[in-house]
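Commentary on secondary and tertiary structure
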Amino acid sequence: LAEVIEELGDRQAVIWCCFRPEVEMLARWLRSMGFTVGTLTGELTGTERMENLEDFKAKRTQFFVGTAAAGGTGINQLVGADTCIYYSRNFNLTDYLQSQDRCHRIGTVSPVTIIKLIASGTVDEKVDASLDQKKDVLEMMLTDPTEML
(Lines give C-alpha, C1' and ligand atoms only; values in the text may rest on other atoms or scores of the structure.)
Protein backbone atom coordinates (compact mmCIF):
# COMPACT_ATOMS: atom_id res chain seq x y z
CA LEU A 1 0.00 0.00 0.00
CA ALA A 2 2.84 2.40 0.81
CA GLU A 3 4.28 1.89 -2.68
CA VAL A 4 0.91 2.56 -4.34
CA ILE A 5 0.41 5.71 -2.27
CA GLU A 6 3.87 6.95 -3.20
CA GLU A 7 3.04 6.54 -6.90
CA LEU A 8 -0.22 8.49 -6.51
CA GLY A 9 1.48 11.75 -5.71
CA ASP A 10 -1.23 14.29 -4.91
CA ARG A 11 -4.06 12.46 -6.69
CA GLN A 12 -7.14 11.36 -4.76
CA ALA A 13 -7.81 7.69 -4.04
CA VAL A 14 -10.46 5.55 -2.42
CA ILE A 15 -9.33 2.66 -0.21
CA TRP A 16 -11.86 -0.08 0.55
CA CYS A 17 -11.59 -2.51 3.46
CA CYS A 18 -13.71 -5.31 4.92
CA PHE A 19 -13.59 -4.33 8.54
CA ARG A 20 -14.01 -1.13 10.55
CA PRO A 21 -10.76 -1.66 12.54
CA GLU A 22 -8.86 -1.72 9.22
CA VAL A 23 -10.47 1.58 8.21
CA GLU A 24 -9.52 3.15 11.54
CA MET A 25 -5.96 1.80 11.37
CA LEU A 26 -5.40 2.98 7.80
CA ALA A 27 -6.88 6.41 8.52
CA ARG A 28 -4.52 6.84 11.51
CA TRP A 29 -1.56 5.63 9.44
CA LEU A 30 -2.31 7.98 6.53
CA ARG A 31 -2.84 10.95 8.87
CA SER A 32 0.47 10.17 10.62
CA MET A 33 2.14 10.68 7.24
CA GLY A 34 0.45 14.07 6.81
CA PHE A 35 -2.38 13.07 4.46
CA THR A 36 -5.94 14.30 4.76
CA VAL A 37 -8.42 11.44 5.17
CA GLY A 38 -12.17 10.93 5.21
CA THR A 39 -13.74 7.69 6.38
CA LEU A 40 -16.94 5.74 5.92
CA THR A 41 -18.14 2.95 8.18
CA GLY A 42 -21.57 1.77 9.20
CA GLU A 43 -21.28 3.41 12.60
CA LEU A 44 -21.02 6.99 11.28
CA THR A 45 -24.03 9.23 11.65
CA GLY A 46 -25.70 10.49 8.49
CA THR A 47 -24.20 13.94 9.10
CA GLU A 48 -20.65 12.58 9.57
CA ARG A 49 -21.03 10.44 6.47
CA MET A 50 -22.16 13.38 4.30
CA GLU A 51 -19.44 15.69 5.68
CA ASN A 52 -16.72 13.14 4.87
CA LEU A 53 -18.11 12.54 1.38
CA GLU A 54 -18.46 16.26 0.65
CA ASP A 55 -14.90 16.93 1.91
CA PHE A 56 -13.61 14.33 -0.55
CA LYS A 57 -15.71 15.70 -3.41
CA ALA A 58 -14.43 19.22 -2.68
CA LYS A 59 -10.85 17.86 -2.65
CA ARG A 60 -10.33 18.81 1.01
CA THR A 61 -9.24 15.21 1.64
CA GLN A 62 -6.88 13.17 -0.51
CA PHE A 63 -7.90 9.72 0.71
CA PHE A 64 -11.27 8.22 1.39
CA VAL A 65 -11.11 5.01 3.44
CA GLY A 66 -14.22 2.95 4.05
CA THR A 67 -15.82 -0.44 4.29
CA ALA A 68 -17.16 -1.69 0.98
CA ALA A 69 -20.40 -2.72 2.71
CA ALA A 70 -21.04 0.82 3.98
CA GLY A 71 -20.13 2.27 0.58
CA GLY A 72 -22.59 0.20 -1.38
CA THR A 73 -25.25 2.52 -2.73
CA GLY A 74 -26.23 6.16 -2.79
CA ILE A 75 -22.71 7.58 -2.96
CA ASN A 76 -21.84 9.88 -5.85
CA GLN A 77 -19.12 12.04 -4.27
CA LEU A 78 -16.14 9.78 -5.05
CA VAL A 79 -15.87 10.60 -8.77
CA GLY A 80 -12.73 12.72 -8.21
CA ALA A 81 -10.71 9.58 -7.52
CA ASP A 82 -8.94 7.88 -10.40
CA THR A 83 -7.66 5.07 -8.16
CA CYS A 84 -9.69 2.57 -6.18
CA ILE A 85 -7.59 0.38 -3.86
CA TYR A 86 -8.82 -2.78 -2.16
CA TYR A 87 -6.90 -3.26 1.06
CA SER A 88 -9.07 -6.25 1.90
CA ARG A 89 -12.20 -7.85 0.48
CA ASN A 90 -14.77 -10.38 1.59
CA PHE A 91 -16.64 -12.97 -0.47
CA ASN A 92 -19.60 -10.66 -1.20
CA LEU A 93 -19.62 -9.93 -4.95
CA THR A 94 -22.30 -7.27 -4.65
CA ASP A 95 -20.27 -5.23 -2.13
CA TYR A 96 -17.21 -5.53 -4.36
CA LEU A 97 -18.96 -4.46 -7.58
CA GLN A 98 -20.97 -1.68 -5.92
CA SER A 99 -17.88 -0.23 -4.25
CA GLN A 100 -16.10 -0.12 -7.62
CA ASP A 101 -19.09 1.67 -9.11
CA ARG A 102 -18.76 4.46 -6.52
CA CYS A 103 -15.79 5.79 -8.53
CA HIS A 104 -17.36 5.05 -11.94
CA ARG A 105 -20.22 7.54 -11.80
CA ILE A 106 -21.52 10.35 -13.98
CA GLY A 107 -18.95 13.09 -13.59
CA THR A 108 -15.91 10.82 -13.64
CA VAL A 109 -13.37 12.66 -15.77
CA SER A 110 -10.56 10.11 -16.12
CA PRO A 111 -10.22 6.33 -16.28
CA VAL A 112 -10.35 4.62 -12.88
CA THR A 113 -7.63 2.15 -11.93
CA ILE A 114 -8.69 -0.69 -9.64
CA ILE A 115 -5.87 -2.10 -7.47
CA LYS A 116 -6.37 -5.24 -5.42
CA LEU A 117 -3.78 -5.82 -2.69
CA ILE A 118 -3.40 -9.59 -2.44
CA ALA A 119 -0.86 -11.23 -0.14
CA SER A 120 0.35 -14.50 -1.63
CA GLY A 121 -0.31 -17.64 0.36
CA THR A 122 -3.22 -16.08 2.28
CA VAL A 123 -6.99 -16.14 2.21
CA ASP A 124 -6.75 -13.05 -0.04
CA GLU A 125 -5.98 -15.35 -2.97
CA LYS A 126 -9.06 -17.48 -2.25
CA VAL A 127 -11.29 -14.42 -1.92
CA ASP A 128 -9.96 -13.06 -5.23
CA ALA A 129 -10.53 -16.37 -7.05
CA SER A 130 -14.02 -16.70 -5.56
CA LEU A 131 -15.02 -13.16 -6.60
CA ASP A 132 -13.69 -13.75 -10.13
CA GLN A 133 -15.66 -16.99 -10.36
CA LYS A 134 -18.83 -15.37 -9.03
CA LYS A 135 -18.45 -12.52 -11.55
CA ASP A 136 -18.04 -15.03 -14.40
CA VAL A 137 -21.22 -16.85 -13.32
CA LEU A 138 -23.11 -13.55 -13.06
CA GLU A 139 -22.00 -12.49 -16.54
CA MET A 140 -23.00 -15.89 -17.93
CA MET A 141 -26.44 -15.63 -16.30
CA LEU A 142 -26.99 -12.16 -17.75
CA THR A 143 -25.90 -13.11 -21.25
CA ASP A 144 -28.62 -13.65 -23.84
CA PRO A 145 -28.60 -17.41 -24.54
CA THR A 146 -28.96 -16.76 -28.27
CA GLU A 147 -25.63 -14.93 -28.23
CA MET A 148 -23.94 -18.11 -27.00
CA LEU A 149 -24.91 -20.09 -30.14
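Presented here is a report on the structure given in the accompanying data block. (Residues numbered from 1 in each chain as written. Predicted model: local features only at pLDDT ≥ 70, side-chain atom pairs only at ≥ 80, totals over all residues. Heavy atoms only, no water.)

Reading across from one edge, β2-β3-β1-β4-β5 is the order of the 5 strands in this open sheet, with parallel pairing throughout. In the strand order of this sheet, the two ends are held by β2 (37-40) and β5 (113-116), each with one partner. Each strand axis lies, on average, 20° off the axis of its neighbour in the sheet, ignoring direction. Across the face of the sheet, helix α2 (residues 20-32) comes into contact with β1 (13-17), β2 and β3 (63-67) while running at roughly 165° to β3. Helix-sheet contacts for helix α3 (residues 46-57) involve β1, β2 and β3, and the interaxial angle to β3 is about 145°. (Pairing = 2+ DSSP bridges. Helix = DSSP H or I, 4+ residues; strand = E, 2+ residues; numbered from the N terminus. Axes fitted to C-alpha atoms, helices over the stretch in contact; angles between N-to-C directions. Contact = heavy atoms within 4.5 Å.)

Our next topic: empty space enclosed by the protein. As enumerated under the stated definition, the model contains 1 cavity of 30 Å³ or more in all. For the largest cavity, the calculated volume is near 50 Å³. Here the residues of the lining of the largest cavity are counted per class, giving 5 nonpolar, 1 polar and 2 charged. (1 Å grid on protein atoms, 1.4 Å probe; cavity = no way out; pocket = protein on both sides within 12 Å on 5 of 7 lines; lining within 4 Å. Points joined across faces, edges and corners; volume = space filled by probe spheres on them. Nonpolar A, V, L, I, M, F, W, Y, C, P; charged D, E, K, R; others polar.)

This model, assessed by the stated rule, comprises 4 salt bridges. With its nearest N and O atoms 3.6 Å apart, the salt bridge here joins R20 to E43. Of the two residues, R20 sits in helix α2 while E43 sits in the loop between β2 and α3, which places them 23 residues apart along the sequence. The partly exposed category is assigned to R20, whose relative accessible area is 39%. Between D55 and R60 there is a salt bridge, with the nearest N and O atoms lying 2.9 Å from each other. Bridged by salt links that share partners, the residues R20, E24 and E43 form one connected network. (Salt bridge = Lys/Arg side-chain N within 4 Å of Asp/Glu carboxyl O. Buried < 20%, exposed > 50% of the residue type's maximum accessible area, 1.4 Å probe, protein only.)

For K59, which is not a glycine, the phi torsion comes out positive at approximately 65°. Secondary-structure assignment places K59 in the loop between α3 and β3. Given a relative accessible area of 57%, K59 falls into the exposed group.

Purely geometric stuff here, so don't read any function into it on its own.
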